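Chain and residue survey
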Amino acid sequence: MEVGGSLPVPNVQQLASSSEGVPVRYIRPELELERVSNDEYDRIPLIDLHSACKDWGFFQVINHGVAEEVILKMKADIQEFFGRPLEEKMEYAQLPNGIEGYGQAFVVSEEQKLDWGDMLYINAQPINRRNMRLWPSSPSSIRASLDQYSIELEKVARSLMTSMAKNLGVEPEKLLDLFKEGVQTVRMNYYPPCEQASKVIGIAPHSDGSGLTLLNQVNEVQGLQIKKDGKWVPVDPIPGAFIVNVGDIIEIMSNGVYKSIEHRALVNHKKERLSIAAFHDPNVDAMIGPLPNLLIKDPKKQAPNYKSISHQDFKKLGRKMKLDGKNKGLIQYLKIQTEKEE
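Just so it is clear, the model here is predicted, and its values are computed rather than measured.

**Topic: helix 5 (residues 142–168)**
Its 27 residues place the ends of helix 5 38 Å apart at the C-alpha level, agreeing with the 39 Å of an ideal helix rising 1.5 Å per residue. With its phi angle positive at about 80°, G169 sits one or two positions after the end of helix 5.

**A few points about the packing of helix 2 (residues 49–56) against helix 5**
Between helix 2 and helix 5, the least distance of the axes is 9 Å, while the angle of their chain directions is 80°. Classified by the interaxial angle, the pair formed by helix 2 and helix 5 is roughly perpendicular. For the pair helix 2 and helix 5, the contacting residues are L49, H50 and C53 in the first and L160, S163, M164 and N167 in the second. For the contact of helix 2 with helix 5, a count of residues per class yields 4 nonpolar, 3 polar and no charged.

**As for the sheet that holds strand 9 (residues 242–246)**
Strand order in the open sheet formed by 7 strands is 1-9-6-11-4-3-2, and the pairing between neighbours is antiparallel. Lying at the two open borders of the sheet, with one neighbouring strand each, are strand 1 (58–61) and strand 2 (101–103). Sheet twist, expressed as the mean angle between neighbouring strand axes with direction ignored, is 20°. Bridge analysis of strand 3 (residues 118–125) against strand 4 (residues 183–191) gives 7 bridges, and the strand direction is antiparallel. Across the sheet, the residue bridging to M119 is N189, located in strand 4. Against the sheet, helix 2 contacts strand 1 and strand 9, and its axis sits at roughly 150° relative to strand 1. Packing of helix 3 (residues 68–82) onto the sheet brings it into contact with strand 2, strand 3, strand 4, strand 6 (212–217), strand 9 and strand 11 (273–281), and relative to strand 11 it is tilted by some 120°.

**Considering the UniProt feature "domain: Fe2OG dioxygenase" (unreviewed entry) in the protein chain**
Annotation from UniProt places "domain: Fe2OG dioxygenase" (unreviewed entry) at residues 182–282. Between the C-alpha atoms that bound residues 182–282 the distance is 5 Å, and the span itself is 6% helix and 45% strand.

**Quick notes on the packing of aromatic side chains**
Tallied over the entire structure, the rule returns 6 aromatic pairs. Seen from their ring centres, F81 and Y102 are 5.9 Å apart, and the 80° between their planes marks the pair as edge-to-face. With F81 in helix 3 and Y102 in strand 2, the pair connects residues that are 21 residues apart, well separated along the chain. Like Y102, F81 is buried. An aromatic cluster is defined as three or more aromatic residues linked by ring pairs; in this entry it consists of F81, F82, Y92, Y102 and Y190. It is K228 that lies over the ring of W56; its NZ or CZ is 4.8 Å from the centre.

**Regarding the sheet that holds strand 7 (residues 224–228)**
Hydrogen bonding along the main chain pairs the strands of a sheet, whether they run parallel or antiparallel. What the 4 strands build is an open sheet, ordered 5-10-7-8; its pairing is antiparallel. The open sheet is flanked by strand 5 (203–206) and strand 8 (231–234), the only strands paired with a single partner. Strand-to-strand twist across the sheet, computed as the mean angle between neighbouring axes with direction ignored, equals 25°. In this sheet, strand 10 (residues 263–265) lies alongside strand 7 in antiparallel orientation, the contact comprising 3 bridges. Opposite I226, over in strand 10, you have H263 as the bridge partner.

**A short note on the nonpolar core**
Of all hydrophobic cores here, the largest spans 63 residues; its most connected members are F82 and M188. When residues of this core are assigned to their parent elements, the largest contribution, 11 residues, is made by helix 5. With sequence-adjacent residues up to four places away left out, F82 is seen in contact with Q13, K89, Y102, D118, M119, L120, M188, N189, Y190 and L274. In terms of nonpolar packing, the next biggest core, distinct from the first, is built from 16 residues, Y26, V107, Y191 and V200 among them.

**Points about the pairing of strand 4**
Most of strand 4 is tucked away, with 9 of its 9 residues classed as buried. In strand 4, alternate side chains face the same way, and those of V183, T185, R187, N189 and Y191 on one face and Q184, V186, M188 and Y190 on the other are all buried. For strand 4 and strand 11, the ladder comprises 9 bridges, and the chain directions are antiparallel. Across the sheet, residue T185 finds its bridge partner in strand 11, namely F279.

What counts and how
- Residues numbered from 1 in each chain as written.
- Predicted model: local features only at pLDDT ≥ 70, side-chain atom pairs only at ≥ 80, totals over all residues.
- Heavy atoms only, no water.
- Helix = DSSP H or I, 4+ residues; strand = E, 2+ residues; numbered from the N terminus.
- Expected span 1.5 Å × (residues − 1).
- Axes fitted to C-alpha atoms, helices over the stretch in contact; angles between N-to-C directions.
- Parallel < 35°, antiparallel > 145°, perpendicular 65-115°, else oblique.
- Contact = heavy atoms within 4.5 Å.
- Nonpolar A, V, L, I, M, F, W, Y, C, P; charged D, E, K, R; others polar.
- Pairing = 2+ DSSP bridges.
- UniProt positions renumbered as here; feature names shortened; annotations may be inferred.
- Phe/Tyr/Trp six-rings, centres within 6.5 Å; stacked < 30°, edge-to-face > 60°.
- Buried < 20%, exposed > 50% of the residue type's maximum accessible area, 1.4 Å probe, protein only.
- Lys NZ or Arg CZ within 6 Å of the ring centre and 35° of its normal.
- Core = buried A, V, L, I, M, F, W, Y, C linked by side-chain atoms within 4.5 Å.

What follows is the structure, given as structure tokens:
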């Protein structure tokens, strides 16, 4: 199941060390018009899973069961990888028409605005989807770290989905079965400091086309923001916590009870920022649609709010709409319009 490729563009880490300034393709004039919240009450919830998924689409989770040494080793190896010389990292460069490997995502034209960041993107689960040629072998422990990290985060994701299903009033197995032998991809991000940080963006606004995303801050530099009530709300990472967000697939499966929220990543003018995002999707044969048991259980939710679609068609459509600049286009496309909305 391919999600498409990306055109080669300059390495941002190398651009950041140049004295020639920020190229115009990275400058985002719209940032000057955006509203960013400074309200102390605008903070994503730390507790109350149902409320967090329903009202915010984001939350932070602690006491998640992943050993601290697993997380610290993963962080150290990723930091070391991005610190390697460019020619060494380019040994794992994305292949034509592919997104996996080292590079940037979804660059499709020479006129497109670019994100101020580099990434390493891999298929982690199931194991038969891995392309080990694109898994770095330096530092020497990084493959083992990624493997262990992948396994542990899959456990956390399943535990969270169990609670999410119960809060919907659905038997957890009805949701978990769709994610059995599910697809897990891991995106490791490096955002260099930028002297014009207020005019560039690390990752442009988007919602995740996954089921559930678990984000780990490698260092404690703030950059993630979510959109709430028309304002951008900064997320302050809590040490040891995973930042969790509902993806488009869970929004659809919950029939719109849980929300997939638009978010973005900014950069710092003095410090680098690194993060690791693990995306958890259903298995490749799953149908993406409102959970039948949810519709049956609650008469008020009996009518599905979204069309059902195969997982493979969902990913193809999602990619097309991202390339067309429609960040929430797939959700809107699959949403069934009511007479009132029409």
